[in-house]
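Listed here are the chains, written in short residue letters.
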Amino acid sequence: PQEQSLPDDGTLREQARRASAVFNKYPQVQDSQAYVWFAGETQRYLNSEGAESLVMDSLGQVALRAQGQAKDGYPIRAGKDIYFVGVSSMPSVSQLEKEAEKLGQKVAELYNSGTLEAYIGPVLLEDGAAGDLLYNLFVANVSNPGEEWLENGVDERMGQLTPKLG
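Residues numbered from 1 in each chain as written. Predicted model: local features only at pLDDT ≥ 70, side-chain atom pairs only at ≥ 80, totals over all residues. Heavy atoms only, no water.

## Some words on the sheet that holds strand 3 (residues 75-84)
Working step 1: Taken in spatial order, the 3 strands of this open sheet run 1-2-3, and their pairing is antiparallel. Across the chains shown, the open sheet's two edge strands, defined by having one partner strand only, are strand 1 (31-46) and strand 3. In this sheet, neighbouring strand axes are inclined to one another by 10° on average, regardless of whether the strands run parallel or antiparallel.
Working step 2: Of the strand pairs in this sheet, strand 1 and strand 2 (residues 52-69) are connected by 16 bridges, and their pairing is antiparallel. Looking at strand 2, one finds that Phe-38 is bridged to Gly-60.
Working step 3: Along the sheet face, helix 1 (residues 9-21) touches strand 1 and strand 2 and points at about 155° away from the line of strand 1.
Working step 4: This element, helix 2 (residues 93-112), spans strand 2 and strand 3 of the sheet and lies at about 160° to strand 3. (Pairing = 2+ DSSP bridges. Helix = DSSP H or I, 4+ residues; strand = E, 2+ residues; numbered from the N terminus. Axes fitted to C-alpha atoms, helices over the stretch in contact; angles between N-to-C directions. Contact = heavy atoms within 4.5 Å.)

Quick look at the structure:
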């Protein structure tokens with residue numbers, strides 16, 4: 001069997017560079033990253049009877065990240081992870097540039113969106129929302145936590161309550 005082909009290191013660097021360059025069109029993007037990662041593995045098995053087996057495995061990832069800050073100071077983040085198996089399914093440079101373009105547009109759109117106003121007033125809860133709120137704020141914090149107990153049988157968050165209850 002033939003060894004699997006691996007992408008050229010220069011090709012991966014060029015893909016990351018070109019995808020990252022797209023963010024330069026968006027002044028609202030203050031920080032950006034483009035990572036291209038690929039790992040290939042070939043395992044050969046041979047037993048004492050002469051039987052052999054070859055297992056080839058590969059996995060790749062492209063991670064695109066864009067960050068900025070809204071007019072009100074709120075951080076803006078957008079990202080996209082693309083996974084692929086094998087060189088043949090690796091995304092093309094044009095696909096990566098399109099994805100980077102979408103992220104740049106998203107950060108620009110969020111930058112230009114309105115600011116969030118603080119709301120103080122009544123809150124309407126529908127259906128089971130009141131029960132969920134009560135559970136998340138009260139029950140989950142008062143009930144016995146599902147963590148390991150310490151050697152002396154006292155959970156740090158429970159203080160001395162458990163020994164007193166017996």
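Still to come is the rest of the account.
## Considering the pattern of salt bridges
Working step 1: As enumerated under the stated definition, the model contains 6 salt bridges in all.
Working step 2: The partner of Asp-9 in a salt bridge is Arg-13, with the nearest N and O atoms 3.0 Å apart. Taken together, the residues Asp-9 and Arg-13, both in helix 1 and 4 residues apart, mark about one turn of the helix.
Working step 3: Looking at Asp-9, the relative accessible area reads 45%, which means it is partly exposed.
Working step 4: Its relative accessible area of 58% is what places Arg-13 among the exposed residues.
Working step 5: Linking Arg-18 and Glu-97 is a salt bridge whose minimum nitrogen-to-oxygen distance equals 3.3 Å. (Salt bridge = Lys/Arg side-chain N within 4 Å of Asp/Glu carboxyl O. Buried < 20%, exposed > 50% of the residue type's maximum accessible area, 1.4 Å probe, protein only.)

## Digging into a nonpolar patch on the surface
Working step 1: Where nonpolar side chains cluster on the molecular surface, the patch consists of Tyr-119, Val-123, Leu-125, Leu-133, Leu-134, Leu-137 and Phe-138 and spans about 780 Å² of accessible area.
Working step 2: Residue placement: Leu-137 occurs in helix 3 (residues 129-142). (Patch = residues over 30% accessible without salt bridge, like charges linked within 9 Å, V, L, I, M, F, W, Y side chains within 5 Å. Areas by Shrake-Rupley, 256 points an atom, 1.4 Å probe, with all protein chains shown as cover.)

## What about the nonpolar core?
Working step 1: One finds Phe-23, Val-29, Val-62, Leu-64, Ala-66, Leu-103 and Val-107 to be the most contacted residues of the largest nonpolar core, which totals 24 residues.
Working step 2: Looking at this core, the elements that each hand over two or more residues are helix 1, strand 1, strand 2, strand 3 and helix 2.
Working step 3: Here the element with the most residues in this core is helix 2; it accounts for 5 residues.
Working step 4: Apart from the residues within four sequence positions on either side, Val-29 is in contact with Phe-23, Ala-66, Gln-67, Gly-104 and Val-107. (Core = buried A, V, L, I, M, F, W, Y, C linked by side-chain atoms within 4.5 Å.)

## Digging into the packing of aromatic side chains
Working step 1: With the rule as written, the count across this model stands at 1 aromatic pair.
Working step 2: A centroid spacing of 5.9 Å and a plane angle of 20° characterise the contact between Phe-38 and Phe-84, whose relative ring orientation is stacked. Taken as a pair, Phe-38 in strand 1 and Phe-84 in strand 3 lie far apart in primary sequence, 46 residues in all.
Working step 3: By relative accessible area, Phe-38 is classed as buried at 15%. (Phe/Tyr/Trp six-rings, centres within 6.5 Å; stacked < 30°, edge-to-face > 60°.)

## Quick word on the side chain of Gln-15
Working step 1: Along the chain, Gln-15 falls in helix 1.
Working step 2: In terms of polar contacts, Gln-15 uses its side chain to reach the backbone carbonyl oxygen of Pro-91, at 2.9 Å.
Working step 3: Discounting residues that sit within four places of it in the chain, Gln-15 has contacts with Val-36, Met-90, Pro-91, Ser-92, Val-93 and Leu-96. (Polar contact = N/O pair within 3.5 Å; in protein donor to acceptor, adjacent residues only side chain to side chain.)

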